[in-house]
Amino acid sequence: LTVHYETCTHLHRTIHRIRELGMKPAVSLNPHTDVGLLENVLHDLNMVLIMTVNPGFGGQTFIEQSYEKIRKLKKMITEKGADTLIQVDGGVTEENIGKLIEAGVDVFVVGNTIFSGEDPKQIITNLKNNCQPCTNSKYIVFIVLSGSSA
């Protein structure tokens, strides 16, 4: 279950309640929120979702400074010995997926890229193929959203 950092007054309590209910906790960060704010709860999280566009609608352009944010989070996870996954949502394309994996991303939310193309099956194949040379991630998972709008 993912909660937005920006809307959660008692993050630590919320994370532990999610676990008590038998779910895996995750926290989402908007583009302007520093990943350093998660330092004290990183071990308690199954996943951190980095919003790589501003939340609200599909078809937005990827925010380039997200790469640095992802690298910083990956370094924090490694240094703390945590098993936290990194997920991104927004602007994932055939062109940037390899660079995102190299930065440390494990899970991708992909919508508009797939469904705005002429051949969604081929785009999914291309996304998978563009992941092949990258081996930094333990997992590569796609979450495909249908009904995305441009």
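The structure presented is a predicted model; accordingly, all values stated were derived computationally and were not measured.

What follows concerns a nonpolar patch on the surface. There is a patch of nonpolar side chains on the surface, built from Leu 1, Leu 21 and Met 23 and spanning about 280 Å² of accessible area. For Met 23, the location among the structural elements is in the loop between helix H1 (11-20) and strand S2 (26-29). By relative accessible area, which is 33% here, Met 23 ends up partly exposed.

This paragraph deals with the nonpolar core. Core analysis: the largest hydrophobic core is formed by 35 residues, its most contacted members being Leu 100 and Phe 108. Of all elements in the fold, only H1, S2, strand S3 (47-51), helix H2 (66-80), strand S4 (85-89), helix H3 (97-103), strand S5 (107-110) and helix H5 (120-131) reach the threshold of two or more residues within this core. The dominant element in this core, judged by the number of residues it contributes, is H2, at 5 residues. Contact partners of Leu 100, with chain neighbours within four places excluded, come to Phe 62, Tyr 67, Ile 70, Val 88, Val 92, Val 105 and Phe 108.

All right, on to the side chain of Gln 60 then. Tracing the chain through its elements places Gln 60 in the loop between S3 and H2. A polar contact of 2.5 Å, which involves the side chain of Gln 60, links it to the backbone oxygen of Asn 54. Sequence-distant contacts of Gln 60, defined by excluding residues within four places in its chain, comprise Val 53, Asn 54, Pro 55 and Gly 91.

About the thresholds
- Residues numbered from 1 in each chain as written.
- Predicted model: local features only at pLDDT ≥ 70, side-chain atom pairs only at ≥ 80, totals over all residues.
- Heavy atoms only, no water.
- Patch = residues over 30% accessible without salt bridge, like charges linked within 9 Å, V, L, I, M, F, W, Y side chains within 5 Å.
- Areas by Shrake-Rupley, 256 points an atom, 1.4 Å probe, with all protein chains shown as cover.
- Salt bridge = Lys/Arg side-chain N within 4 Å of Asp/Glu carboxyl O.
- Helix = DSSP H or I, 4+ residues; strand = E, 2+ residues; numbered from the N terminus.
- Buried < 20%, exposed > 50% of the residue type's maximum accessible area, 1.4 Å probe, protein only.
- Core = buried A, V, L, I, M, F, W, Y, C linked by side-chain atoms within 4.5 Å.
- Contact = heavy atoms within 4.5 Å.
- Polar contact = N/O pair within 3.5 Å; in protein donor to acceptor, adjacent residues only side chain to side chain.

Keep in mind these values describe shape, not function.
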